[in-house]
Amino acid sequence: MPNIKSYATLTAALAAALTLSACQEKAAEAGAPSKPECIAPAKPGGGFDLTCKLAQSGLKDTKQLDKPMRVTYMPGGVGAVAYNKIVANDAANDNAIVAFSTGSLLNLAQGKFGQYSEKDVRWLAAVGTDYGMVAVNSESPLKNLQDLADALKKDPKAISFGAGGSVGGQDWLQTAMLARAAGVNPKDMTYVALEGGGEAVTALLGNHISVVSAGIAEMGPHIESGKVRVLAVFSPERLDGKLKDIPTAKEQGYAVEWPVIRGYYMGPKVSDAAYQWWKTHFDAMLKDPKFTELRANRDLLPFAMTGDELNQYVLKTTEEMRALSNEFELNQK
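Worth saying up front: this structure is predicted, and the values here are computed from it rather than measured. (Residues numbered from 1 in each chain as written. Predicted model: local features only at pLDDT ≥ 70, side-chain atom pairs only at ≥ 80, totals over all residues. Heavy atoms only, no water.)

*Asks:* Break down the pattern of salt bridges for me, with residues and values.
*Replies:* Oppositely charged side chains are able to pair whenever their charged atoms sit close together. This model, assessed by the stated rule, comprises 17 salt bridges. Between Asp-130 and Arg-262 there is a salt bridge, and its shortest N-O distance comes to 3.2 Å. Taken together, the positions of Asp-130 in strand β4 (residues 122–137) and Arg-262 in strand β9 (residues 259–266) put the pair 132 residues apart, joining distant regions of the chain. Each member of the pair Asp-130 and Arg-262 is classed as buried. Residue Glu-251 is joined to Arg-238 by a salt bridge in which the shortest nitrogen-to-oxygen separation is 2.8 Å. You can see Glu-251 sitting in the loop between β8 (228–233) and β9 and its partner Arg-238 sitting in the loop between β8 and β9, a full 13 residues away along the chain. Of the residues examined, Glu-251 reaches a relative accessible area of 45% and is grouped as partly exposed. Given the relative accessible area of 36%, Arg-238 is considered partly exposed. Taken together, the salt bridges that share partners define one network made up of Glu-118, Glu-319 and Arg-322. (Salt bridge = Lys/Arg side-chain N within 4 Å of Asp/Glu carboxyl O. Helix = DSSP H or I, 4+ residues; strand = E, 2+ residues; numbered from the N terminus. Buried < 20%, exposed > 50% of the residue type's maximum accessible area, 1.4 Å probe, protein only.)

Quick look at the structure:
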């Protein structure tokens with residue numbers, strides 16, 4: 001005959017185990033977003049859009065997020081509008097992450113985000129990197145970087161550069177570094193500031209500008225379509241895969257390098273539970289082979305950094321960019 005006490009003991013043990021499991025699951029999901037959102041601080045089609053969509057698909061495909069994440073667009077000041085809104089008006093939004101890039105850090109270094117600095121948000125995760133580049137319409141007479149350098153030397157005003165950002169931004173700065181390497185004063189260049197990389201590519205395809213300056217990951221679909229020709233990528237060596245035939249600036253005699261990290265930050269007053277939830281799930285996503293494939297498909301290289309490690313990286317990089325900006329007399333404070 002079964003022992004009633006043993007049943008009671010077993011039942012109690014099972015109940016305790018279930019309770020413990022439920023508590024652990026609840027603790028693990030503490031801070032989970034109810035309406036996850038990624039804010040791209042530009043118009044659709046550029047690097048911030050790419051960054052948000054990478055998080056959107058990466059968190060979903062690696063099963064780190066079981067709710068749909070929406071991507072919203074908040075153009076203005078190449079990130080300044082979104083930064084100011086999050087810090088001043090939406091500081092405790094546990095649902096929202098905001099895309100940033102090396103260009104965001106450059107703008108912070110130059111004081112372009114108004115009264116706020118790099119210390120006014122919570123840096124969450126960096127998930128990949130690509131490199132700057134310059135490209136022309138496939139019908140352009142400029143075939144390589146030397147052709148561009150020669151044209152600049154002949155008449156700097158005749159070549160119009162366009163990019164998703166203002167003078168002093170990362171897309172302008174990489175062309176300024178190129179011009180300086182070619183012996184041309186960057187202040188003599190013609191530069192057209194546009195709102196986002198997508199708008200800059202549209203201007204190039206419509207022959208409204210001569211050269212587009214952006215990140216190589218933004219050019220992937222246009223390279224495959226044959227509509228643009230990349231004159232140089234600003235990486236230390238040639239990239240792999242479908243980008244392997246694109247020459248570096250360095251191999252063409254111009255020592256210009258510009259890495260572009262891509263990541264996310266949150267408002268300064270988000271709850272610790274929410275911040276930890278996002279960090280934990282980004283950490284897991286970054287280790288998943290499915291995400292490695294997603295990142296590679298978007299022409300991004302591995303770069304994984306979260307939490308305090310990323311915060312320290314941001315503080316260090318922003319200081320370095322203040323020094324670089326001083327060289328070009330770009331700082332506003």
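*Asks:* Pulling in residues and values, what's your account of unusual backbone geometry?
*Replies:* Of all residues except glycine, most have a negative phi; of all peptide bonds, most are trans. With a phi close to 60°, Lys-63 is a non-glycine residue in the positive phi region. Note on Lys-63: relative accessible area 68%, which makes it exposed. One non-glycine residue, Val-78, adopts positive backbone phi at about 50°. Looking at the element boundaries, Val-78 is found in the loop between β2 (70–73) and α3 (80–89).

*Asks:* Give me the packing of helix α2 (residues 47–61) against helix α9 (residues 272–287): which residues, what numbers.
*Replies:* Each pair of packed helices can be described by the angle between their axes along with the distance between the axes. Between α2 and α9, the least distance of the axes is 10 Å, while the angle of their chain directions is 80°. Considering the angle they form, α2 stands roughly perpendicular to α9. The segment α2 lies against α9, with Ala-55, Gly-58 and Leu-59 engaging Trp-278, His-281, Phe-282 and Met-285. Its residues assigned to classes, the contact of α2 with α9 comprises five nonpolar, two polar and no charged. (Axes fitted to C-alpha atoms, helices over the stretch in contact; angles between N-to-C directions. Parallel < 35°, antiparallel > 145°, perpendicular 65-115°, else oblique. Contact = heavy atoms within 4.5 Å. Nonpolar A, V, L, I, M, F, W, Y, C, P; charged D, E, K, R; others polar.)

*Asks:* Run through the confidence of the model for the chain, naming residues and quoting values.
*Replies:* Mean pLDDT over the chain: 91, with 91% of residues reaching 70 or higher. In the predicted structure, residues 23–28 sits below a pLDDT of 50 and forms one contact with residues beyond four places in sequence or in another chain. (pLDDT = per-residue confidence, 0-100.)

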